[in-house]
Amino acid sequence: MLRALLLENLHPHARTILESSGFEVETRTGALDESELIDALDGVHLLGIRSKTNVTAKVLESAPSLMTLGAFCIGTNQIDLRTAAERGVATFNAPFQNTRSVVEIALAEIIALTRRLTDRNAEMHAGVWNKSAEGAHEVRGRTLGIVGYGNIGTQLSVVAESLGMSVAFYNTSEKLALGNARRMGSLEELLEVADVVTLHVDGRKGNAGLFGAEQFARMKPGALFLNLSRGFVIDTGALREAILSGHLGGASIDVFPHEPKRKGDPFESDLRGLPNVILTPHIGGSTEEAQEAIGTFVANKLRDYVATGSTTLSVNLPNLALEQTTGVARIAHLHRNTPGVLAAVNNTLAQHGVNIEGQLLATRGELGYVVTDIGSPLPDGVTEALAAMDQTVRLRVLA
Ligand SMILES: NC(=O)c1ccc[n+]([C@@H]2O[C@H](COP(=O)([O-])OP(=O)(O)OC[C@H]3O[C@@H](n4cnc5c(N)ncnc54)[C@H](O)[C@@H]3O)[C@@H](O)[C@H]2O)c1
């Protein structure tokens, strides 16, 4: 029986999906350190983690039975993806299952900042009845400047327009403008027109320090600023100055250059205590709906990989979308991508009298993945011959 180990308190849907696919599932609430993980992976075929479990090269090299690995989150930098690929461990994540949650919190913050709900709320808790329209605005008719027009940026664009906002966006690569959104030719152009600037760029290294004193200074006086992308993208000291000088009207920050490791740890930041500034503990994508969607999505990916060999949206193996085999058996061959390898696989099959019903190949960098459906039972010796090829990384036969 195939065994699955699910760490870090994953949504119960993950367990249900894997159990109903025949896995024996063990769940644990916390993360494991390297040596604990190595021990726990003995005889385990499928591992599910979140962001706090580090799957190092040593862990992967000590887990020969591991076939597939699920990161039940967006980020995969806690996993040595290269070693996982070299060992044929198909790795999956949840790239857009919390997109909507981030969009909704961004909209809530845009409205809260535009109405100065932060200050009114603090005053009321301090017993002050400050009934006033001063500095409070509608978002309708205001311009939202979205930096990074990917999964989150595009969805925010659509929903913000439905509130009557006018949307301008800047994305480094060409993107289709949705609805009436206007593409800006440069970040500077966007900063000049936006009443609210919101960052939704990805975490590539080049985005470190994307927003500093110069960019804040270019924003319109009184404009609002949001960052729900990555902490290292902005200079928080420069943002503090821009707020204290009154140049910016407010900000909402969910991600920080240095975030506390554990729930309940103290939080230090030069942004604490500023007026009309909302600070949240990296919860942009944290909703019960998103957790459920992530649990379901990643568990289904892992189940499908084991059942069919399908690698759609794998973050480290060549991607092939596969249905259940219609033939008698399916041979999934992950190999080093060298010239002639496909011919060698097919020669081996031909020499053993195997008739091919269907075949698909995908490559990704140094790896190739060829999946062959055959119409008759596998003759003796063919799997051994394929496994013995120099280029073979992992061979699986699925009935
Ligand atoms: N706060 C949270 O809890 C939370 C939750 C989910 C995602 N995120 C973060 O939100 C960000 C966006 O997520 P996504 O799923 O939309 O990512 P995505 O990859 O779909 O989109 C990112 C977009 O930014 C563009 N881009 C990259 N660098 C840019 C730059 N310097 N200027 C302009 N455009 C640039 C890319 O071309 C891409 O279109 C990521 O950093 C992700 O880690 C945060």
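Source: prediction; values computed, not measured.

J.: Please provide a residue-by-residue account of the overall build of the chain, values included.
T.: Of the regular secondary structure elements, the chain holds 13 helices and 16 strands. Counting only C-alpha atoms and orienting by the principal axes, one finds that the chain spans roughly 85 × 45 × 30 Å. Here the chain, with 399 residues, has 47% of them falling under the buried criterion. Across the chain, every contact between residues at least 6 apart in sequence was considered, and the portion connecting residues at least 24 apart equals 63%. Summed over all atoms, the accessible surface of the chain reaches about 18800 Å², with 51% contributed by carbon and sulfur. Taking the average place of the 35 positive charges on the side chains of the chain and the average place of its 44 negative ones, the gap between the two points comes to 3 Å.

J.: Which residues make up the site of the ligand, and what values go with them?
T.: Around the ligand, the structure places 28 residues, and the nearest of them are Ile 152, Asn 171, Val 201, Asn 207 and Asp 254. Taking Ile 152, its main chain carries an N or O atom lying 2.9 Å from an oxygen atom of the ligand. One of the side-chain nitrogen or oxygen atoms of Asp 254 is found 2.8 Å away from a nitrogen atom of the ligand. With the chains in place, 88% of the 860 Å² that the ligand exposes on its own is no longer accessible. Here the shell around the ligand is composed, by residue class, of nine nonpolar, 14 polar and five charged.

J.: Hey, could you go over unusual backbone geometry for me, with residue numbers and the actual values?
T.: At Asn 276, a position not held by glycine, the phi torsion is positive, near 50°. Tracing the backbone shows Asn 276 in the loop between strand E11 (250-253) and strand E12 (277-279). Although it is not a glycine, His 282 adopts a positive phi angle of roughly 50°. Of note, His 282 is situated in the loop between E12 and helix H11 (288-308).

J.: Requested: an account of empty space enclosed by the protein, with residues and values cited.
T.: According to the stated counting rule, one finds one cavity of 30 Å³ or more in the structure shown. In this model, the largest cavity occupies a volume close to 40 Å³. Lining the largest cavity are Tyr 305, Leu 317, Ala 332, Leu 334, Tyr 369, Arg 394, Leu 395 and Arg 396. Elements with a minimum of two residues in the lining of the largest cavity: strand E13 (329-336) and strand E16 (392-398). The element that contributes the greatest number of residues to the lining of the largest cavity is E16, accounting for three residues. Across the lining of the largest cavity, the residue classes break down as six nonpolar, no polar and two charged.

J.: Lay out the packing of aromatic side chains with the relevant residues and their values.
T.: A complete count under the given rule lists seven aromatic pairs for this structure. Aromatic side chains Phe 211 and Phe 225 sit 5.1 Å apart centroid to centroid with 40° between the ring planes, which places their arrangement in the tilted category. With a gap of 14 residues between them, Phe 211 in the loop between strand E9 (196-199) and helix H9 (213-218) and Phe 225 in strand E10 (residues 224-227) connect regions that are remote in the sequence. A network of ring pairs unites the aromatic residues Phe 211, Phe 216 and Phe 225 as a single cluster. It is Arg 396 that lies over the ring of Tyr 305; its NZ or CZ is 4.7 Å from the centre.

J.: Let's hear about the sheet that holds E10: which residues, and what values?
T.: Spatially, E8-E7-E6-E9-E10-E11-E12 is the arrangement adopted by the seven strands of the open sheet, whose pairing is parallel. Only two strands of the sheet have a single neighbouring strand rather than two, namely strand E8 (182-183) and E12. In the sheet, strand E7 (residues 166-170) pairs with E8 via two bridges, with the strands oriented parallel. Each residue of the ladder has a partner; that of Ala 168, found in E8, is Arg 182. On top of the sheet, helix H7 (residues 151-162) reaches strand E6 (143-147), E7 and E9; it is set at about 170° to E6, its chief contact.

J.: If you had to explain the environment of Val 255 to someone new, which residues and values would you point to?
T.: Secondary-structure assignment places Val 255 in the loop between E11 and E12. Remark: the alpha-carbon pair of Val 255 and Leu 386, spanning 131 residues in sequence, is separated by 48 Å. Apart from residues lying up to four places away in sequence, Val 255 is in contact with Asn 227, Leu 228, Ser 229, Arg 230, Gly 231 and His 282.

J.: Mind laying out helix H10 (residues 236-244), listing which residues take part and the relevant values?
T.: Within the span of H10, buried status applies to Thr 236, Ala 238, Leu 239, Ala 242 and Ile 243. Angularly, the buried residues of H10 cover 155° about the axis, an arc narrow enough to put them on a single face. Looking at the packing, one finds that the buried side of H10 touches H9, E10, E11 and E12. Of the residues flanking the start of H10, the one acting as N-cap is Asp 235, its side-chain oxygen 3.0 Å from the backbone nitrogen of Gly 237. Looking one or two residues past H10, Gly 246 carries a phi angle of roughly 85°, positive in sign.

J.: I'd like a description of the pairing of strand E1 (residues 3-6), backed by residues and values.
T.: The side chains of a regular strand alternate, residue by residue, between the two faces of the sheet. Bridging between E1 and strand E2 (residues 24-27) involves four bridges; their strand directions are parallel. Its bridge partner being in E2, Leu 5 is matched across the sheet by Glu 26. The parallel pair E1 and E2, bridged by helix H1 (residues 12-20), forms a crossover whose chirality is right-handed. Inspection of the sheet shows E1 paired to strand E3 (residues 46-49) by three bridges, in the parallel sense. In the sheet register, Leu 5 faces E3, and the bridge partner there is Leu 47.

Each value, and the rule that gives it
Residues numbered from 1 in each chain as written. Predicted model: local features only at pLDDT ≥ 70, side-chain atom pairs only at ≥ 80, totals over all residues. Heavy atoms only, no water. Helix = DSSP H or I, 4+ residues; strand = E, 2+ residues; numbered from the N terminus. Buried < 20%, exposed > 50% of the residue type's maximum accessible area, 1.4 Å probe, protein only. Contact = heavy atoms within 4.5 Å. Areas by Shrake-Rupley, 256 points an atom, 1.4 Å probe, with all protein chains shown as cover. Lys, Arg positive; Asp, Glu negative; His and termini not counted. Charge placed at Lys NZ, Arg CZ, Asp CG, Glu CD. Near = heavy atom within 4 Å. Polar contact = N/O pair within 3.5 Å; in protein donor to acceptor, adjacent residues only side chain to side chain. Nonpolar A, V, L, I, M, F, W, Y, C, P; charged D, E, K, R; others polar. 1 Å grid on protein atoms, 1.4 Å probe; cavity = no way out; pocket = protein on both sides within 12 Å on 5 of 7 lines; lining within 4 Å. Points joined across faces, edges and corners; volume = space filled by probe spheres on them. Phe/Tyr/Trp six-rings, centres within 6.5 Å; stacked < 30°, edge-to-face > 60°. Lys NZ or Arg CZ within 6 Å of the ring centre and 35° of its normal. Pairing = 2+ DSSP bridges. Axes fitted to C-alpha atoms, helices over the stretch in contact; angles between N-to-C directions. Arc of directions from axis to C-beta. Right-handed = clockwise from strand over helix to strand, strands pointing away.

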